[in-house]
Amino acid sequence: MSEFKHKRIIIIGNGGAGKSTLARALGDRLGLPVVHLDKLWWLPDWVTRSRAEFDALLAAELEKPEWIIEGNYLRTLALRLSFADLCVFLDYPPALCLESAYARVRAYEGKTRPDMADGCTERVDAEFEAWIKSFDKNVRPQILEISERSGVRRVTFCSREQAAAWLAQI
């Protein structure tokens, strides 16, 4: 394993890109705790927390000395970047992400995946599908702008193979 100096890492990308999967694998490899923003935002049965409660939970995590935080939540991206020392951007084609989101629904049919709150059974509704399809137009430019402005080192992967090769060399 090479020397890897980053201890506060954010992972962002389209829905279905594999942020949670990469975060878990990277966390295992580096011995860093993983924070799933979906688990902070959602309460059981798809009830959302208030913004104030979410922000307080996120602030508590950001103050910790080591973490991997995965998830988009564009509203808090600049804040998270101000604490991070590395940003990993999974910049995959929306069609691949949508295919993966539906595969995840099949894999977790009737169950809650580990990075979600209890009772949030896996689903892809019309709103989430539209969000994935429009990510490159509506979200990606903002992610790039905010991350560029932050000055935090960003690594961008355009394929799962690139991300896997990077992970293997850490």
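The paragraphs below set out a description of the structure included in this document.

Rules of the game
- Residues numbered from 1 in each chain as written.
- Predicted model: local features only at pLDDT ≥ 70, side-chain atom pairs only at ≥ 80, totals over all residues.
- Heavy atoms only, no water.
- 1 Å grid on protein atoms, 1.4 Å probe; cavity = no way out; pocket = protein on both sides within 12 Å on 5 of 7 lines; lining within 4 Å.
- Points joined across faces, edges and corners; volume = space filled by probe spheres on them.
- Helix = DSSP H or I, 4+ residues; strand = E, 2+ residues; numbered from the N terminus.
- Nonpolar A, V, L, I, M, F, W, Y, C, P; charged D, E, K, R; others polar.
- Buried < 20%, exposed > 50% of the residue type's maximum accessible area, 1.4 Å probe, protein only.
- Pairing = 2+ DSSP bridges.
- Polar contact = N/O pair within 3.5 Å; in protein donor to acceptor, adjacent residues only side chain to side chain.
- Contact = heavy atoms within 4.5 Å.
- Axes fitted to C-alpha atoms, helices over the stretch in contact; angles between N-to-C directions.

### Side note on the layout of surface pockets
Size it by volume and the largest pocket reaches roughly 1200 Å³. In this structure, the largest pocket is lined by 43 residues; those nearest its centre are G15, K19, D38, F128 and W131. In terms of residue count, the dominant contributor to the lining of the largest pocket is helix α1 (residues 19-30) (six residues). Taken together, the residues of the lining of the largest pocket break down into 20 nonpolar, nine polar and 14 charged.

### What about the pairing of strand β1 (residues 8-13)?
Within β1, six of the six residues are buried, which leaves it mostly tucked inside the rest of the structure. Side chains R8, I10 and I12 of β1 all project onto a buried face; the interleaved residues I9, I11 and G13 project onto the opposite face, where all are buried too. One ladder, built from five bridges, connects β1 with strand β6 (residues 86-90); its direction is parallel. Considered in β6, the bridge of I9 is made with L86.

### Things to note about the side chain of S100
With respect to the secondary-structure elements, S100 resides in helix α5 (residues 94-107). There is a polar contact of 2.9 Å between the side chain of S100 and the side chain of R160. In this structure S100 touches G16 and R160, once residues within four positions along its chain are discounted.

### A word on the sheet that holds strand β7 (residues 154-157)
Strand pairing in a sheet relies on backbone hydrogen bonds, with the paired strands running either antiparallel or parallel. Read from one edge of the open sheet, five strands run β2-β5-β1-β6-β7, paired in parallel fashion. With one partner strand each, in any of the chains shown, β2 (34-36) and β7 form the two edges of the open sheet. When the angles between neighbouring strand axes are averaged without regard to direction, this sheet yields 20 degrees. In this sheet, β7 lies alongside β6 in parallel orientation, the contact comprising four bridges. Looking across to β7, one finds that C87 is bridged to R154. Across the face of the sheet, α1 comes into contact with β1, β2, β5 (67-70) and β6 while running at roughly 160 degrees to β1. The strands touched by helix α3 (residues 51-62) are β1, β2 and β5; relative to β5, the strand with the most contacts, the crossing angle is about 145 degrees.

By themselves, these figures tell us nothing about what the structure is for.
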